[in-house]
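# Coordinate inspection notes
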Amino acid sequence: MKWQVAVDDRTIEIDSGQLASVTEVEPGVYAVLLDGASFEIRLTETSQGLSAEAGGRRFTVEVRDPRDTSRGFRGSVGSGRQNVAAPIPGKVVRVLVKVGDVVDAGQGLVVVEAMKMQNEMKAARPGRVIEIRAHAGDTVAAGDTLAVLE
Amino acid sequence: MFGRVLVANRGEIAVRIIRALREIKIRSIAVFSDADRGALHVRLADEAEHIGPAPSPDSYLRLDRILEAAKKHGAEAIHPGYGFLSENAGFAAACAEAGIVFIGPSAESIRRLGSKTAARTLAKQAGAPVVPGSEEAATNIERARALAREIGYPVLLKAAAGGGGKGMRRVNAENELESAIRDASSEAERAFQNGEVYIEKVIEKPRHIEIQIAGDHYGNLVHLGERECSLQRRHQKIIEECPSPWVARHPEMREAMGEAALKIARAAGYDNLGTVEFLADNRGNFYFLEVNTRLQVEHPVTELVTGHDLVHLQLRIAAGEALPFTQKEISWRGWAMECRVCAEDPENQFFPSPGKIAQLREPSGPGVRLDSGVYPGWTVPLEYDPLLAKLVTRGPDRNTAIQRLQRALSEYAVAGIQTNIAFLREILDDSEFLAGNLSTEFVADFLARRKPRTAPPPELDSAVALAALAHYQTARQRGTVAAEVEGSRWLNEGRGQLLR
């Protein structure tokens, strides 16, 4: 059976026959032999999906089940609304944009301070600010939405 | 020697000290905050006492609670580690008052060397080189001009009450001086309600080189050579080594810097372990920076090259023993290099990444020492320093130490949180680093010239995909397919990318 696995933004086609080259050596740790080359892959379930660590790199992974026709790869990074959220708890220092502003990819939106360090939360792609939920001085929890773009 | 010692710290350094205590059969007493009940140092200690909530001002900085714990557990001495209360003269004095030995210098020595300006004056009187500059505020512009000319441009204006770069200005030529003093002074006035600024010489691309010193209660003082700690990010060291590549090229500098460090220590009546920090330029000049009156984070590189256990040494000195060796008996063999493995994201301005360590494989093998404070399943608290572990390697020469560090980092796997491991490996691969061309601006320069990361090789992608599929099928068989619980990973990845 043919499977599709999304590795970051790449789609890898896999035949289930190839699974013979994989063995789980520790919980969540997989040893893979491909054409004689040896790899060790560590998989962790995170709040953002399945995360893989291998060769000093980090990947985000999603498996598409060919038997499940109701689901496919839904959504994408390329379009729609973006919620800009706080990665860890902290305090809002400054809001750099206002509702209606058109922003570029990578533009700073909100400055959050945590562990005595200031960090700019940036837009992942161009868009228009439709909502700002963060105010200077606010304490925010991890995952709290700071601003919404479309 | 003591029978029971309390360790007033947490993380890897508490583990390091507990290990030293166990080696010489001293009972160890750990202290912990709410966030650290399950921490490695608490697991390893013989006894442990809760001292308060997670924020350090409510726990690890509460000297009253720590002294209470020491009394309750019958500790004869307290080891403060680094950070927290280690350079707090008041704590050293409170220990003495309570009849408990503070493992470090006297409160009086800490006071003498604790203030940067007092230490600078003391160093100057002792005859150690200091960064050329004015002793008094630059208020009179004529005098400031004359002084800047004497020091030589470029010069640096620094706020007297300063810190954090506020009121700091670089002045490249005389025609910029007057307006720069005005700007710096008003900035300092706003920030510290004190507009006084000083003039200091700019040391271009300096190396950070420090001398390890040790003294006993009987006036014996020695130095254990230098460590080069030029590689820093956000003013914190990330890679340290002994010998310094610069000293290795100019062997006479070890003696010169060692002698300067000992002059300062003698003038301060210093005992126990300490570190005298210098800035060195590329012309063979070095200048006193400050003294750290405690055990240093990077002490293992000195241990590996001199063969002496510095924590054992601290304990012996504090217990009233004389130094077990003379200056002549200290020798340096081979090369040691340390890197600090931190829970932080180098791709996002080294932003801290606390959280649960889902998986952990720690390196070992020839020439490898790992001083770690974590274990798989441990949640790295967000209240403290992001340092997880110090990885140190040793070899007969610098190249071997680097190769071993590279190899050990390639074995090091941490899943669940971000770390700087990949970034450290990139630095260790850099030609300037390999050539030993270091300065405190190295990391900034490296980030500017760094090449974007290449795409992963296709076979690695395939291996990841295969592992993910195997994982998915196992999860399906167990009836725990996370994918069906909520949301698409594509959507989640999109959200994730917004955070980067």
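These numbers were taken from a predicted model, which means no experiment stands behind them.

### A word on the overall build of chain B
Looking only at helices and strands, one finds 18 helices and 22 strands in chain B. Its C-alpha radius of gyration of 25 Å places chain B within 12% of the 23 Å reference for a compact globule of 500 residues. The principal-axis extent of the C-alpha atoms belonging to chain B is close to 80 × 60 × 50 Å. Here the contacts in chain B between residues at least 6 apart in sequence split such that 64% fall between residues at least 24 apart.

### Brief notes about the overall build of chain A
The secondary structure content of chain A amounts to 0 helices and 15 strands. With 150 residues in all, chain A has 27% of them scored as buried. Taking the contacts inside chain A whose residues are at least 6 apart along the sequence as the reference set, 45% of them involve residues at least 24 apart.

### Points about the nonpolar core
B:Leu6, B:Ala30 and B:Ile264 are the most contacted members of the largest nonpolar core, which has 119 residues in total. Taken together, domain 1 (4–103) and domain 3 (207–449) of chain B each give at least three residues to this core, which thus spans both. Core analysis: the next-biggest nonpolar cluster, separate from the first, contains 26 residues, A:Val5, A:Val61, A:Val63 and B:Tyr472 among them.

### Here's the deal with the pairing of strand 12 (residues 272–280) of chain B
Residue and element names in this part refer to chain B. Burial runs high along strand 12: 7 of the 9 residues are buried. Of the strand pairs in this sheet, strand 12 and strand 13 (residues 286–292) are connected by 6 bridges, and their pairing is antiparallel. Bridged to Glu-277 within strand 13 is Glu-290. Hairpin remark: strand 12 followed by strand 13, antiparallel, with 5 residues in the connecting loop; positive phi at Gly-284, about 95°.

### Things to note about the domain arrangement of chain B
The domains assigned to chain B are domain 1 (4–103), domain 2 (141–201), domain 3 (207–449) and domain 4 (458–498). Each of domain 3 of chain B and domain 4 of chain B was reduced to a C-alpha centroid, and the two centroids are 40 Å apart.

### Looking at helix 5 (residues 107–114) of chain B
Considered for burial, the residues of helix 5 of chain B that qualify are B:Ala107, B:Ser109, B:Ile110, B:Arg112 and B:Leu113. Turning to helix 5 of chain B, the residues buried within the fold contact helix 4 (89–97), helix 6 (116–126) and strand 13 of chain B.

### A short note on the domain arrangement of chain A
Annotation of chain A at the domain level lists domain 1 (2–64) and domain 2 (82–149). When each unit is reduced to the centre of its C-alpha atoms, the spacing between domain 1 of chain A and domain 2 of chain A is 33 Å.

### Remarks on the environment of B:Ala319
All names here are of chain B. Tracing the backbone shows Ala-319 in the loop between helix 12 (310–318) and strand 14 (335–342). Sequence separation between Ala-319 and Met-1 is 318 residues, and the spatial gap between their C-alpha atoms is 5.6 Å. Look past the residues within four positions of Ala-319 in its chain and what remains in contact with it is Met-1 and Phe-2.

### Details of unusual backbone geometry
Omega for the bond connecting B:Tyr153 with B:Pro154 falls within 30 degrees of zero, at -5°, which places this linkage in the cis form. Tracing the backbone through its elements, the reader meets B:Pro154 in the loop between helix 7 (141–151) and strand 6 (155–159). For the peptide bond that leads from B:Cys242 to B:Pro243, omega is 0°, which places it in the cis range. Residue position: B:Pro243 is located in the loop between strand 11 (236–242) and helix 9 (245–249). A positive phi angle, near 50°, is found at A:Asp35, a position not held by glycine. Mapping A:Asp35 onto the fold places it in the loop between strand 4 (29–34) and strand 5 (37–46). According to the C-beta neighbour criterion, A:Asp35 is exposed, with 7 such atoms within 10 Å. With a phi close to 70°, B:Asn272 is a non-glycine residue in the positive phi region. Relative to the helices and strands, B:Asn272 is located in strand 12.

### Brief notes about the sheet that holds strand 3 (residues 47–52) of chain B
Residues and elements named next belong to chain B. Read across the open sheet, the 5 strands follow the order 3-2-1-4-5; overall the sheet is parallel. Looking at which strands have only one partner, the edges of the open sheet turn out to be strand 3 and strand 5 (101–102). Where strand 4 (residues 77–79) lies against strand 5, 2 bridges are found, and the strand directions are parallel. Among the inter-strand pairings, Ile-78 is bridged to a residue of strand 5, identified as Phe-102.

### Considerations on the sheet that holds strand 7 (residues 169–171) of chain B
Remark on secondary structure: sheet strands pair via backbone hydrogen bonds, oriented parallel or antiparallel. Residue and element names in this part refer to chain B. Reading across the sheet, the 3 strands line up as 7-6-8 and stay open at both edges, with antiparallel pairing between neighbours. Here the strands that pair on one side only, and so sit at the sheet edges, are strand 7 and strand 8 (197–201). The mean angle between the axes of side-by-side strands here comes to 30°, regardless of whether they run parallel or antiparallel. As judged from the 3 bridges shared by strand 6 and strand 7, these two strands associate in the antiparallel manner. Along strand 7, the bridge assignment pairs Leu-157 with Arg-169. Lying over the sheet, helix 7 contacts strand 6 and strand 8, oriented at roughly 20° with respect to strand 8.

### A look at the packing of helix 7 of chain B against helix 8 (residues 177–192) of chain B
Residue and element names in this part refer to chain B. Look at helix 7 against helix 8: their axes get within 10 Å of each other, and the N-to-C directions meet at 115°. Comparing the axis directions of helix 7 and helix 8 gives the class roughly perpendicular. The hand of the helix 7/helix 8 crossing is right-handed. For the pair formed by helix 7 and helix 8, the contact residues are Ile-141, Ala-144, Arg-145 and Ala-148 on the first element and Leu-177, Glu-178 and Ile-181 on the second.

### Considering the environment of B:Trp332
All names here are of chain B. Along the chain, Trp-332 falls in the loop between helix 12 and strand 14. Residue Trp-332 is classed as partly exposed on the basis of its C-beta count, with 18 C-beta atoms lying within 10 Å. Spatially, the C-alpha atom of Trp-332 lies 8.1 Å from that of Gly-307, the residues being 25 residues apart in sequence.

### A short note on the confidence of the model for chain A
All names here are of chain A. Model confidence for chain A is summarised by a mean pLDDT of 83, while 89% of its residues fall at 70 or above. Considering each helix and strand of chain A separately, the mean pLDDT is smallest for strand 12 (residues 117–122), with a value of 76, and largest for strand 4, with 96. Every residue in residues 71–79 is under pLDDT 50, and counting partners more than four places away or in other chains gives 19 contacts.

### Re helix 3 (residues 63–72) of chain B
Residue and element names in this part refer to chain B. Burial in helix 3 covers these residues: Leu-63, Ile-66, Leu-67, Ala-69 and Ala-70. What you see down the axis of helix 3 is that its buried residues fit within an arc of 160°, all on one side. Pointing more than 90 degrees away from the buried face of helix 3 are the exposed residues Asp-64 and Lys-72. Buried residues in helix 3 make contact with strand 1 (4–7), strand 2 (27–33), strand 3, strand 4 and helix 4. A positive phi of about 65° marks Gly-74, the residue just after helix 3.

Criteria and cut-off values
- Residues numbered from 1 in each chain as written.
- Chains lettered and ligands numbered in written order.
- Predicted model: local features only at pLDDT ≥ 70, side-chain atom pairs only at ≥ 80, totals over all residues.
- Helix = DSSP H or I, 4+ residues; strand = E, 2+ residues; numbered from the N terminus.
- Rg over C-alpha atoms; globule rule 2.2 N^0.38 Å.
- Contact = placed C-beta atoms within 7 Å.
- Buried ≥ 20, exposed ≤ 12 C-beta atoms within 10 Å, placed from the backbone.
- Core = buried A, V, L, I, M, F, W, Y, C linked by C-beta atoms within 7 Å.
- Domains from an automatic or database assignment.
- Pairing = 2+ DSSP bridges.
- Axes fitted to C-alpha atoms, helices over the stretch in contact; angles between N-to-C directions.
- Parallel < 35°, antiparallel > 145°, perpendicular 65-115°, else oblique.
- Left-handed = near helix turned anticlockwise from the far one by under 90°.
- pLDDT = per-residue confidence, 0-100.
- Arc of directions from axis to C-beta.

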